[in-house]
Amino acid sequence: MKTPIRRISNLMDIKPFHSLIAVLIILNLTGVGSDPFRLSMLALFAVLFSSMISIVLKYAFRSVRPEHKKHRIIEYGFPSSHSQIAFSIATIYSHYVPAITIPMFLVASLVATGRTFVKAHDYKDVLGGCVLGIITGFLVISLV
């Protein structure tokens with residue numbers, strides 16, 4: 001029987017789910033914030049920026065994943081891209097809409113924790129992704 005956290009993490013690996021997240025960010029269907037479209041564009045920029053940083057660091061550190069699987073696009077683990085992206089989005093939304101800080105970081109924490117449950121990353125990969133995600137979020141905020 002799979003735990004709820006493991007189910008969430010497995011859901012995050014489905015490629016159509018990534019597209020859905022991108023569409024939701026762009027459209028900001030929740031209408032969060034005083035300027036939902038601007039906030040969505042910042043979040044989308046954070047996703048792209050986080051992804052680029054993560055890929056560069058994965059190849060720089062070449063850290064082996066706990067359970068290397070050939071179907072993974074990138075075989076290296078540090079930092080966890082999922083964690084970094086989740087925390088960068090949480091940082092941006094929390095900065096502009098403080099009322100949703102706790103829910104945003106709870107969801108980001110679930111995403112990060114789930115990466116260790118499915119053995120895609122160890123705790124160092126996830127912790128690195130979380131810290132880098134917060135830094136990336138603040139970089140995006142400061143650049144705008």
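All of these numbers come straight from a predicted model, not from anything done at the bench.

J.: I would appreciate a short explanation of the packing of aromatic side chains in the present structure.
T.: The way to describe two aromatic rings as a pair is by their centre distance and the angle between their planes. This structure, assessed with the given rule, holds 3 aromatic pairs. Arranged with centres 5.9 Å apart and planes meeting at 5 degrees, the rings of phenylalanine 45 and phenylalanine 49 form a pair that is stacked. One end of the pair, phenylalanine 45, and the other, phenylalanine 49, are both in helix 3 (residues 36-61), 4 residues apart, so they sit about a helical turn from each other. Taken together, a centroid distance of 5.7 Å and an interplanar angle of 55 degrees make the contact between phenylalanine 87 and phenylalanine 105 tilted. Here phenylalanine 87 is found in helix 4 (residues 81-96), whereas its partner phenylalanine 105 is found in helix 5 (residues 101-117), with 18 residues between them in sequence. Its relative accessible area of 8% is what places phenylalanine 87 among the buried residues.

J.: Can you help me understand helix 4 in this one?
T.: Given 3.6 residues per helical turn, the α-helix brings residues three or four places apart onto the same face. Helix length check: helix 4 (16 residues) gives 23 Å between terminal C-alpha atoms against 22 Å at 1.5 Å per residue, within 8%. Counting buried positions over the 16 residues of helix 4 gives 12, a clear majority of the element. What helix 4 keeps buried is the set Ser81, Ser83, Gln84, Ala86, Phe87, Ser88, Ile89, Ala90, Thr91, Ile92, Tyr93 and Ser94.

J.: I keep staring at the environment of glycine 114 and nothing clicks. Help me out?
T.: As for its placement among the helices and strands, glycine 114 is situated in helix 5. By relative accessible area, glycine 114 is classed as buried at 0%. As for glycine 114 and histidine 82, which are separated by 32 residues in sequence, their C-alpha atoms are 9.6 Å apart.

Quick notes on the rules
Residues numbered from 1 in each chain as written. Predicted model: local features only at pLDDT ≥ 70, side-chain atom pairs only at ≥ 80, totals over all residues. Heavy atoms only, no water. Phe/Tyr/Trp six-rings, centres within 6.5 Å; stacked < 30°, edge-to-face > 60°. Helix = DSSP H or I, 4+ residues; strand = E, 2+ residues; numbered from the N terminus. Buried < 20%, exposed > 50% of the residue type's maximum accessible area, 1.4 Å probe, protein only. Expected span 1.5 Å × (residues − 1).

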